[in-house]
Amino acid sequence: MPTRETSDVIVIGAGVVGAACAHYAALAGLSVTVVDRGYVAGGTTGAGEGNLLVSDKEPGPELQLALLSTALWTELADRLPPTVEYEAKGGLVVASGETGLHALREFGARQEKAGVIAHEVPGDRLHDLEPHLAPGLTGGFHYPQDAQVMPAQAAAQLLRAAGDRVRLALGEEVTGLLTGAGGAVRGVRTATRELHAPYVVNAAGTWGGALAELAGVHLPVLPRRGFVLVTEPLPRIVRHKVYAADYVADVASGSAALQTSAVVEGTPAGPVLIGASRERVGFDRTLSTEVLHRLAAGATALFPVLGTVRAIRTYLGFRPYLPDHLPAIGPDPRAPGLLHACGHEGAGIGLAPVTGQIVAACITGAEPPLDLHPFRPERFDATAP
Amino acid sequence: MTASASEPEDVARSCSASGPKDSTRTAPDPVPDTGRRADAPYDLVVVGAGSAGLAGAVAASELGLSVALLDSSAQSGGQFYRHPAPALGARRPEALHHDWSAFADLRRRLHASGVDHLTGHHVWSVVKETDGTWTAHALTGADGCADAPARIRARALLLATGAYERQLPFPGWTLPGVVGAGGAQAMLKSGLVLPGRSIVVAGSGPLLLAVASSLASAGARVPAVVEAAGYLRYGRRPRALATNPRKAAEALVHAAALVRHRVPVRLRSAVTEVHGTDRVEAVTVSRLDREWRPVRGTGRRIACDALAVGHGLVPQIELAVAVGCTTRALPDGTLGLALDDLQESSVPGLWAAGETGGVGGAELARTEGELAGRVIAARLLGRPARVGATAGLRRRRDRMRAFADVMSAAHAPGPGWTGWLSDDTDVCRCEEVPAGRIREAIAACGARDARTVKLLTRAGMGWCQGRMCGTAVACLASAGSAPEPPGERRPFAVPVPLSTLAALDGSPDPASAPDSPTDPVPS
Ligand SMILES: Cc1cc2nc3c(=O)[nH]c(=O)nc-3n(C[C@H](O)[C@H](O)[C@H](O)COP(=O)(O)OP(=O)(O)OC[C@H]3O[C@@H](n4cnc5c(N)ncnc54)[C@H](O)[C@@H]3O)c2cc1C
Ligand SMILES: Cc1cc2nc3c(=O)[nH]c(=O)nc-3n(C[C@H](O)[C@H](O)[C@H](O)COP(=O)(O)OP(=O)(O)OC[C@H]3O[C@@H](n4cnc5c(N)ncnc54)[C@H](O)[C@@H]3O)c2cc1C
């Protein structure tokens, strides 16, 4: 006879998104059980980079989320212990030619209308911000709102700071959803027991589609592989998050060409992180020397001093993406009681707090901080409006 | 590319102009290069020139394959047949080895063969290309820093990268004067230097007796050999012992040497603390219970100026793990490669021999190397596999493997060893992560395995990539239940300069195929 346990909310997934959902639900006074088949931050969160970026986002619903989340992160930085390594270091996007700089300027102007702070930096002032940057760059933009956090610690401390209202059920895989009259979701089944709650949150990241299927609903979350290169520990030689404008130029021009800029950033512990690639190759874990080549070439082009620095490891992860590159956040009308909080692709660390806040608001009946229509989980159904 | 002094840089590859799919030559070609396309792959690349790699390379070459033998060190021989660089002028390096003649024989065969022995080649990655051939990416130069990266291609790959020493931390283990037991042996063999004058040898595993007897024979005082296991478990498998008389004889030779030098051996005991301010001055040796928990009140102080400590060896398999080879858990809690009866891994075209498949000593390594070399030659030359030709080798291998498993089981760390760690003992030396922080991550932050402990504490993220602390972290994370063997997942077998990675272009890599676009962009 399986044992039973009851709480107000069950969150499936102990990644940064699940942790933020649990955190804000607990702050709202709810009792929460977080279930994960692995351990805290063992999924994509443990393979991400921790950039909290507004600089790379087009005006639109994702940028709106990012701006709200950025504000929440500054507030969390005061509440969470310093081990989360929050740093409001700012981003620097550089251009190596007039075309690139022009595209940046146009992009920055549109972003500013949406609430982003962006300052143009002329070529001869770039080295004030980044002394080791390659010579000869045309100019760039400084984004003071870009920040950084250590993702695994962020997930762990979000859970910990939520206190006794959050219970962890680790090493337990959800194998089925419990439903009641009218198809309403009322809990989950794991290998050893049943857990009961009137609300179940799908924060299963890249595996969110499989989880949705357990509830009989369609949510096409797919994996997008990314590699990150990690160097030996160094003194601070990279101060901001630095990347090249080609990416923004590519976005702005609508070109279908491959995008090859690498984000270079230092970390408090010393290593420089260089990330990250994007490929659609399913869950393939084989090392790609082509990707390593591109990341290293991009980083050494920006910072020639890194040439002699050694990479000590590389890791990879699978970003959860949905076809329109927006996450699914909010209640699922097809399965009452089920809420989704997954599909954040390459921005889940950044977007976790606002996602948690939205989910908590939906459960307590509070007003969500923005219009949820673009994120509605049923939008991929053929018949959806 | 750096070649050893005895082999000129552009030695001929025996299958001169033949393409990747047909190799018809049967004898090594002694003449210098005769128009072979410079980028033609070898038949076989062997990584590691220890007992296993040497045997595999010469066996394959003698049967007609073109072979490149890569090793990071400047000499052949691996860990066992370490010997001083010629400049040291050692007259009789063989005095420190039993079985030197087997090595001398392999070296003679190597010199007579057409094998390209590429010394100073640190292989950082091996890649299976879309056409089925292998590329070994290597850094060159004595310390791997020379900026002449090499790319060696071949139709088949034999991994014979040996093992590295396993360490379990204890209070004081970072003091100068504490050295690895195998490392002390290696220092003695290659440089003829001792780590101290009075050296306690401790840890677990058959290597300890060998190390103590060499140190004592070289003039050091060895106040004690401290072995955490009992030897009782050997006795539970009498068959494996009886069929391996040479192994038993080897142990007797070491034991006799210890008696001669009056070295006491303490079983079921461990060094649970090291004392000293600037370097080792003494150690505390405690009795252990069956689970390796130190027994209260049994601690005894022994004066010494060095401690040589090790808990057996861990197969060095990251190159194979990175390409997806299946592993198997060994009885001592380490991971080895899962190999079939003919030494092939789960990834077709990748063979392994020696310690990579489980630690078993130089003779087993040699046998497996020879077997792999013959099997690979038969496969590539399209000869029907003649079962009979390798039957003897396979029987010998199986017999020695059975013995290795008995040894491995006898020296598996007991779950109670973590009891000798205090909260402020650094477990990860690279990142300076003490045991207390790891315990906290497990108790309060939801880490439950080596990976999540690493993510939450940085233990294992540093320079050595968890080679030093992997076992300890896995044991702490498992909280007393059987720990998962550390995954040996290190995509770079050695650190690689970014300029080397940046220069890697045009590699025929599946990920660059048009249907799987690669587009690094900010995340
Ligand atoms: C290389 C790379 C770099 C990145 N860089 C950044 C960056 O700089 N900034 C940024 O914001 N984002 C970045 N990301 C993206 C970010 O990592 C993800 O968006 C984010 O981690 C997703 O978090 P999550 O909580 O949704 O998913 P996860 O962390 O994957 O958590 C989901 C959890 O659900 C569990 N689970 C799944 N199915 C079940 C089940 N049936 N039962 C129980 N548990 C289950 C899993 O075990 C997992 O722990 C990067 C990603 C990659 C791969
Ligand atoms: C420190 C140490 C000391 C030892 N001392 C003894 C002893 O005293 N007595 C005893 O009986 N046994 C000893 N052993 C065990 C001994 O290693 C084996 O019995 C035997 O050497 C196994 O042969 P092998 O060919 O499998 O590996 P090894 O002899 O270890 O050979 C592996 C070779 O691979 C090379 N290599 C590894 N990785 C790479 C790479 N990425 N790129 C290029 N080259 C690489 C290494 O340089 C090495 O030469 C010791 C082992 C270790 C680790």
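Refer to the structure above for everything that follows.
Residues numbered from 1 in each chain as written. Chains lettered and ligands numbered in written order. Predicted model: local features only at pLDDT ≥ 70, side-chain atom pairs only at ≥ 80, totals over all residues. Heavy atoms only, no water.

Draft legend 1. Quick look at the overall build of chain B. The number of helices and strands found in chain B is 14 helices and 22 strands. A total of 523 residues make up chain B; the buried ones form 57% of that total. A separation of at least 24 residues holds for 65% of the contacts in chain B among residues at least 6 apart in sequence. (Helix = DSSP H or I, 4+ residues; strand = E, 2+ residues; numbered from the N terminus. Buried < 20%, exposed > 50% of the residue type's maximum accessible area, 1.4 Å probe, protein only. Contact = heavy atoms within 4.5 Å.)

Draft legend 2. The site of ligand 1, seen in detail. With respect to spatial proximity, 38 residues lie near ligand 1, and among them Asp36, Thr44, Thr45, Asn51 and Glu345 of chain A are the closest. This site is not confined to one chain, since residues near ligand 1 come from chains A and B. Between an oxygen atom of ligand 1 and a main-chain N or O atom of Val17 of chain A, the distance comes to 3.1 Å. The contact in question runs from a nitrogen atom of ligand 1 to an N or O atom on the backbone of Glu49 of chain A, over 3.2 Å. Bound to the protein, ligand 1 loses 98% of the 1000 Å² it would expose on its own. Those elements that provide at least two residues to the shell around ligand 1 are helix H1 (16–27), strand S14 (222–231), strand S18 (310–321) and helix H9 (348–364) of chain A. (Near = heavy atom within 4 Å. Polar contact = N/O pair within 3.5 Å; in protein donor to acceptor, adjacent residues only side chain to side chain. Areas by Shrake-Rupley, 256 points an atom, 1.4 Å probe, with all protein chains shown as cover.)

Draft legend 3. Highlighting the interface of chain A and chain B. In this assembly, 64 residues from chain A lie in contact with 46 residues from chain B. Taking both partners together, chain A and chain B bury about 4800 Å²; carbon and sulfur atoms supply 60% of that area. The interface formed by chain A and chain B contains 1 salt bridge. A salt bridge links Glu440 of chain B to Arg160 of chain A; the shortest N-O distance between them is 3.2 Å. Linking chain A to chain B there are 9 residue pairs in polar contact (both at pLDDT 80 or more). Examining the composition of the side of chain A that touches chain B, we find that 10 residues originate from one element, helix H8 (residues 289–302) of chain A, more than from any other. Within the side of chain A that touches chain B, the residues separate by chemical class into 30 nonpolar, 19 polar and 15 charged. (Buried area = accessible area lost by both parts, 1.4 Å probe. Salt bridge = Lys/Arg side-chain N within 4 Å of Asp/Glu carboxyl O. Nonpolar A, V, L, I, M, F, W, Y, C, P; charged D, E, K, R; others polar.)

Draft legend 4. Representation of the site of ligand 2. All names here are of chain B. In the vicinity of ligand 2 lie 30 residues, with Ala52, Asp71, Val123, Gln185 and Glu355 positioned nearest. Between ligand 2 and Gln185, the relevant distance is 2.4 Å, taken from an oxygen atom to a side-chain nitrogen or oxygen of the residue. At a separation of 3.3 Å, a nitrogen atom of ligand 2 approaches a polar side-chain atom of Gln316. For ligand 2, whose accessible area on its own is 970 Å², the fraction buried by protein is 91%. Secondary structure elements with two or more residues in the shell around ligand 2: helix H1 (51–62), strand S4 (121–128), helix H3 (181–191) and helix H9 (362–380). Looking at the shell around ligand 2 element by element, the count peaks at 4 residues for H3. Partitioned by chemical class, the residues of the shell around ligand 2 number 11 nonpolar, 16 polar and 3 charged. Taken together, domain 1 (8–164 + 314–385) and domain 2 (167–311) each give at least three residues to the shell around ligand 2, which thus spans both. (Domains from an automatic or database assignment.)

Draft legend 5. Just the pattern of salt bridges, in detail. For the coordinates displayed, the defined rule picks out 37 salt bridges over all chains. Salt-bridge contacts for Arg108 of chain B lead to Asp105 of chain B; the nearest nitrogen and oxygen are separated by 2.4 Å. Of this pair, Arg108 of chain B and Asp105 of chain B both sit in helix H2 (residues 100–112), separated by 3 residues, roughly a single helical turn. Judged by its relative accessible area of 31%, Asp105 of chain B is partly exposed. Here the residues in one salt-bridge network are Glu5, Arg167, Glu172 and Arg193 of chain A, joined through shared partners.

Draft legend 6. Representation of the sheet that holds strand S9 (residues 199–204) of chain B within the structure. All names here are of chain B. Pairing is parallel across the open sheet formed by 5 strands, whose spatial order is S8-S15-S9-S10-S11. Taken across any chain shown, the strands that pair with only one partner, and hence form the sheet edges, are strand S8 (178–180) and strand S11 (265–266). Pairing geometry for strand S10 (residues 225–227) and S11, over 2 bridges, is parallel. Residue pairing across strands places Val226 opposite Arg266, the latter belonging to S11. Across the sheet, H3 touches S8 and strand S15 (306–311), and the angle it forms with S8 is around 80°. Across the sheet, helix H4 (residues 207–217) touches S9, S10, S11 and S15, and the angle it forms with S9 is around 170°. (Pairing = 2+ DSSP bridges. Axes fitted to C-alpha atoms, helices over the stretch in contact; angles between N-to-C directions.)

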